[in-house]
Amino acid sequence: MEPKVLKNYIDGEWIESQSDELLNVRNPATNEVIAQVPMSTTDEVDEAVQAACVAYQDWRETTPFARARYMFRLKNFMEERFEELSQIIVQEHGKIIDEARGEVRRGIENIEVAAGVPSLMLGYNMEDVSQGIDEDCVYQPAGVFCCVAPFNFPNMVPLWFLPYAVACGNTYIVKPSEQCPMSQNMLFEILDEIDFPPGVVNLVNGDKRAVDALLEHPDMVGVSFVGSTPVGKYLYAKAAQHGKRAQVQAGAKNCLVVMPDSVLNQTIPSIMTSSFGTSGQRCLSGSLVVAVGEVYEPLKEKILEAASQIKVGYGLDETVQMGPVVSKKSLDRILGYIEKGLEEGATLSLDGRGVTVENYPDGNFLGPTIFSDVTPEMTIAQDEIFGPVLGIIPVDSFDEAMDVIHRSPFGNAASLFTTSGKWAREFKYRVQVGNIGINIGIAAPIASFPFSGMKDSFFGDLHGQGRDAIQFFTERKVVISRWF
Amino acid sequence: MDLATFGAILSYAMDLEQRAADFYAAGAKVLLEDLFGDLERGSKKRFARMERTRREGVAEMILEPITGLNGEDYRIALSADVDIPVLLEQAIALEETAQRFYQDAAEKIPIREVVRIFQRMAEENTKRKDRLETLALGD
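Scoring rules and cut-offs
- Residues numbered from 1 in each chain as written.
- Chains lettered and ligands numbered in written order.
- Predicted model: local features only at pLDDT ≥ 70, side-chain atom pairs only at ≥ 80, totals over all residues.
- Heavy atoms only, no water.
- Contact = heavy atoms within 4.5 Å.
- Salt bridge = Lys/Arg side-chain N within 4 Å of Asp/Glu carboxyl O.
- Polar contact = N/O pair within 3.5 Å; in protein donor to acceptor, adjacent residues only side chain to side chain.
- Helix = DSSP H or I, 4+ residues; strand = E, 2+ residues; numbered from the N terminus.
- Nonpolar A, V, L, I, M, F, W, Y, C, P; charged D, E, K, R; others polar.
- Expected span 1.5 Å × (residues − 1).
- Buried < 20%, exposed > 50% of the residue type's maximum accessible area, 1.4 Å probe, protein only.
- Pairing = 2+ DSSP bridges.
- Axes fitted to C-alpha atoms, helices over the stretch in contact; angles between N-to-C directions.
- Phe/Tyr/Trp six-rings, centres within 6.5 Å; stacked < 30°, edge-to-face > 60°.
- Patch = residues over 30% accessible without salt bridge, like charges linked within 9 Å, V, L, I, M, F, W, Y side chains within 5 Å.
- Areas by Shrake-Rupley, 256 points an atom, 1.4 Å probe, with all protein chains shown as cover.

Q: Got a sec to walk through the interface of chain A and chain B? Specific residues and values, please.
A: Of the residues lining the interface, 24 residues belong to chain A; the matching set on chain B comes to 19 residues. At the junction of chain A and chain B, the tally comes to two salt bridges. Residues Arg54(B) and Glu83(A) are paired through a salt bridge, measuring 3.4 Å at the closest nitrogen-oxygen approach. The interface formed by chain A and chain B holds eight residue pairs in polar contact (both at pLDDT 80 or more) in total. For the side of chain A that touches chain B, the secondary-structure elements that each account for two or more residues are helix H3 (82-93), helix H4 (97-114) and helix H10 (264-276) of chain A. The biggest single contributor to the side of chain A that touches chain B is H4(A), with six residues. Among the residues forming the side of chain A that touches chain B, the class breakdown is nine nonpolar, six polar and nine charged.

Q: Mind laying out helix H4 (residues 112-138) of chain B, listing which residues take part and the relevant values?
A: Residue and element names in this part refer to chain B. Given a rise of 1.5 Å per residue, 27 residues ought to cover 39 Å, and the 39 Å separating the end C-alpha atoms of H4 matches this to within 8%. Within the sequence span of H4, burial applies to Val114, Val115, Ile117, Phe118, Met121, Ala122, Asn125, Arg128, Lys129 and Leu132. For H4, the elements touching its buried residues are helix H1 (6-30), helix H2 (33-56) and helix H3 (84-108).

Q: Report on the sheet that holds strand E7 (residues 133-141) of chain A, specifying residues and quantitative values.
A: Residue and element names in this part refer to chain A. Strands sit in the order E6-E7-E23 across an open sheet of three strands; the sheet is antiparallel. Looking at strand neighbours, the two that pair on one side only are strand E6 (124-130) and strand E23 (474-482), the edges of this open sheet. Here the average twist between neighbouring strands, direction ignored, is 25 degrees.

Q: Run through unusual backbone geometry, naming residues and quoting values.
A: Residue and element names in this part refer to chain A. Of note in the backbone geometry, Asn31 takes a positive phi value of approximately 65 degrees without being a glycine. Topologically, Asn31 is positioned in the loop between strand E4 (22-26) and strand E5 (33-38). Of note, the phi angle at Asp128 is positive, near 55 degrees, even though the residue is not glycine. The topology assignment puts Asp128 in strand E6.

Q: Would you mind going over the packing of aromatic side chains in detail, with residue names and values included?
A: This structure, assessed with the given rule, holds 24 aromatic pairs over all chains. Between the aromatic rings of Phe398(A) and Phe427(A), the centroid separation amounts to 6.5 Å while the plane-to-plane angle is 70 degrees, which identifies the pairing as edge-to-face. With Phe398(A) in helix H14 (residues 398-407) and Phe427(A) in helix H15 (residues 421-430), the pair connects residues that are 29 residues apart, well separated along the chain. Phe427(A) carries the same exposure label as Phe398(A), and that label is buried. Look at Tyr12(B) and Phe101(B): their rings are 5.1 Å apart centre to centre, the planes differ by 45 degrees, and that puts the pair in the tilted class.

Q: Break down a nonpolar patch on the surface for me, with residues and values.
A: All names here are of chain A. On the surface, a nonpolar cluster with roughly 380 Å² of combined accessible area is contributed by Met126, Val129, Val478 and Ile480. Secondary-structure elements contributing two or more residues to the nonpolar patch are E6 and E23. Classification of Ile480 as exposed rests on a relative accessible area of 56%.

Q: Account for the sheet that holds strand E13 (residues 254-258) of chain A, naming residues and giving values.
A: Residues and elements named next belong to chain A. Reading across from one edge, E15-E16-E17-E14-E13-E19-E20 is the order of the seven strands in this open sheet, with mixed pairing throughout. In this open sheet, the two edge strands, each paired with only one partner strand, are strand E15 (347-350) and strand E20 (435-438). Across the sheet, the axes of successive neighbouring strands diverge by a mean angle of 20 degrees, strand direction being ignored. In terms of strand pairing, strand E19 (residues 413-417) meets E20 through four bridges, oriented parallel. Bridged to Ala413 within E20 is Asn435.

This is the structure:
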């Protein structure tokens, strides 16, 4: 059977792209082609922006309560199709079904928060700022926004932005990852079903050309991006060049610092899920364990024991604990890093390269891989590997652990495992990362909080989710008035 | 079958409740219509609760591997095509097994809200078993 060719969703209609350039979407567990995605033309991007511009005129005048009701309906429809939405993530991305369910859940939570827009968009005022003069601040929508989404959370990441943008009265365009576009295709089936006015939400498949066209379009107000740092830097510069507001969440190299006083039996499961969950393809994955003092040897032993028991396989099998990586290309890149680690003298304590999965001989599988005796200068300690490869660095002190974190150009996340309130407080206070875990391996902010980030992990000032998103998607207009 | 993930445990629970609902439905057709019909409705409600928990209870930040829970330990053969005393014995054994499963699983899951739900499930199993035992003793 021919794989389905995905369509764009523009102005309330599913439209076949005119582009004859199609990319194959593959199931990472089998490498079978499960769909084809068009690389849309700049004209198609322009159509989407124009439709969003026209829709904006009426949508911004729709009451916040009416806009919130669309959010309630979106949530309810997603709950109804929850399992389908989760399964399609597994099929196109490879993560395990529990992780996919967690992803859809977080997406829904963002819709639930955005449904509070009648309260979240309230402005503020003050009487008598000067004699007989009053001042008001009102929040207004700003126009057309877009999202350039990554492959690793193909359902959730656009929902860090779209619900807030639309609930605030803006109109929106999603450009899904070309590697994993099917989740957004299904989400837009739901958006179509709940019957937004035409043009309020739009989907344009494509690659860099579509992104450039979105950023260069004179009617585009702003962009939200999640992806790698090199692409993020390009996109941030391009957005600035064309006068767009931008929030750019980029790469990471996250450290999990383990103190000698930590509770190892509870720390180990957190490290496992942080380092090997989603096959290490989260921007919050802990890719370095920094072991302080005498904890190094017992910690290493327990990590190796736990990691060697992780069951690798196809994510739709609920007994599986880790799926494949997204593509052959990714797998080759990760294998290259393993070679590099060996060349630079790290000890390969657990080698995941030989893993085989029964019935899935063609999948992009790699078992948990662990390097010990890693030093901060090594490439595997500096680069974002984005795969199930963990390095363990021994250090003598808490201060040295902080130095390891701060040597990195990234500032996405870091965690500390300890039973000491003093160390926890010190860590929270000093560490230069945006998302901090204390005895938590994946420091993932819930929908009411900003998904933070610093240094080369974030470019912009307002983050996705929560109040930051409301600020990003609105203008604050100040009115100073006096009546005679 | 190792129940080593959150989803595996919840799916197992759903399967358990579905089997219970089917068993009580078949039993209600034979004789014990009031009691078994009531237990069937309860099992369907519990199935929906487990499905909702699988959907809503997942928390990515503590999606940690689970060890020491095996589905084989809670397998139970059920057939409604038997005499009433045997039917009652099976029903009591089913409730005991389910109670043990939910109690054991509650100790393994690191999400407090889900633990509370599992504890509630186990408590309900005890009450259901009591109803069945009262009937068995009466006979």
